[in-house]
Amino acid sequence: MKSWKPTTAGVLEIVAGALHLIASAATILVAGGVAGGMYWSHMPRMSIGMPLPLIAGVGLPLLIMGVVSILGGISALQRRRWGLALAGGICALVPMQTLLGVLAIVFLAISREEFN
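Residues numbered from 1 in each chain as written. Predicted model: local features only at pLDDT ≥ 70, side-chain atom pairs only at ≥ 80, totals over all residues. Heavy atoms only, no water.

Trainee: Pulling in residues and values, what's your account of the environment of Val-106?
Mentor: Position of Val-106 among the secondary structure elements: in helix α4 (residues 98-110). Judged by relative accessible area, Val-106 falls into the partly exposed class, the value being 40%. Note: C-alpha distance between Val-106 and Ala-9 (97 residues apart in sequence) is 8.3 Å. (Helix = DSSP H or I, 4+ residues; strand = E, 2+ residues; numbered from the N terminus. Buried < 20%, exposed > 50% of the residue type's maximum accessible area, 1.4 Å probe, protein only.)

Now the structure itself:
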């Protein structure tokens with residue numbers, strides 16, 4: 001019997017993943033703008049080495065977690081690969097979307113038997 005819980009968890013994970021991707025893109029664009037001096041031309045130019053840790057330390061992990069969250073959400077909607085769906089919920093726990101991740105994990109844990 002299919003319930004609403006995996007579907008809700010999947011939607012929550014996809015929303016959290018989309019928010020991760022938006023935050024990742026913003027981080028990469030801002031860091032790239034600072035590096036090139038194109039957005040803040042009135043500020044002194046920073047060396048190219050300065051924003052790369054920002055991109056690598058914040059932008060790339062958000063990008064990876066966003067992709068995993070979206071893939072996990074798709075798996076939850078299809079009710080396949082429970083482990084990937086759970087990984088997507090865990091990746092949705094980043095502070096910006098903590099509530100979405102907690103709810104997704106709870107719904108996935110309750111509906112474990114619905115997955116193939």
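Trainee: Residue-level account of the nonpolar core, with values.
Mentor: Ala-9, Leu-12, Ala-76, Ala-85, Ala-104, Phe-107, Leu-108 and Phe-115 together form the largest nonpolar core, which totals 8 residues. Here this core takes 3 residues from α4, the largest share from any one element. Those residues in contact with Ala-9, other than ones at most four positions away along the chain, are Ala-104, Phe-107 and Leu-108. (Core = buried A, V, L, I, M, F, W, Y, C linked by side-chain atoms within 4.5 Å. Contact = heavy atoms within 4.5 Å.)

Trainee: Hey, could you go over unusual backbone geometry for me, with residue numbers and the actual values?
Mentor: Positive phi outside glycine occurs at Arg-79, with the angle close to 60°. Residue placement: Arg-79 occurs in the loop between α2 (51-78) and α3 (82-91). Unusually for a residue other than glycine, Arg-81 sits at a positive phi of about 50°.

Trainee: Please give an account of α3 that cites residues and values.
Mentor: Taken as a whole, α3 has its buried residues at Ala-85, Gly-88, Gly-89 and Cys-91. End-on view of α3: buried residues confined to an arc of 165°, all on one side of the axis. (Arc of directions from axis to C-beta.)

Trainee: Which residues make up the packing of aromatic side chains, and what values do they have?
Mentor: Tallied over the full model, the rule gives 1 aromatic pair. On the basis of an interplanar angle of 75° and a centroid distance of 5.1 Å, the ring pair of Trp-4 and Phe-107 is categorised as edge-to-face. One end of the pair, Trp-4, is in the segment before α1 (5-36); the other, Phe-107, is in helix α4, and 103 residues separate them in sequence. Residue placement shows Arg-112 over the ring face of Trp-82; its charged tip is 4.5 Å from the ring centre. (Phe/Tyr/Trp six-rings, centres within 6.5 Å; stacked < 30°, edge-to-face > 60°. Lys NZ or Arg CZ within 6 Å of the ring centre and 35° of its normal.)

Trainee: Run through the packing of α3 against α4, naming residues and quoting values.
Mentor: Running from amino to carboxyl end, α3 crosses α4 at an angle of 155°, the nearest separation of the two axes being 8 Å. Compared by their axis directions, α3 and α4 come out roughly antiparallel. Here α3 and α4 pass one another in a crossing that is left-handed. Residue-level contacts link Trp-82, Ala-85, Leu-86, Gly-89 and Ile-90 of α3 to Gly-101, Ala-104, Ile-105, Leu-108 and Ala-109 of α4. Taken together, the residues of the contact of α3 with α4 sort by class into 8 nonpolar, 2 polar and no charged. (Axes fitted to C-alpha atoms, helices over the stretch in contact; angles between N-to-C directions. Parallel < 35°, antiparallel > 145°, perpendicular 65-115°, else oblique. Left-handed = near helix turned anticlockwise from the far one by under 90°. Nonpolar A, V, L, I, M, F, W, Y, C, P; charged D, E, K, R; others polar.)

Trainee: Can you lay out the pattern of salt bridges for me, pointing to particular residues and giving the numbers?
Mentor: Within the structure shown, the criterion is met by 1 salt bridge. In this structure, Glu-114 and Arg-79 form a salt bridge, with 3.1 Å as the shortest nitrogen-oxygen distance. You can see Glu-114 sitting in the segment after α4 and its partner Arg-79 sitting in the loop between α2 and α3, a full 35 residues away along the chain. Comparing Glu-114 with Arg-79 shows no difference in burial state: the two are buried. (Salt bridge = Lys/Arg side-chain N within 4 Å of Asp/Glu carboxyl O.)

Trainee: Can you explain the side chain of Ser-111? Please cite residues and give values.
Mentor: Take Ser-111: it is sitting in the segment after α4. Since its relative accessible area comes to 1%, Ser-111 is described here as buried. What Ser-111 contacts, discounting residues up to four positions off in sequence, is Lys-5 and Pro-6.

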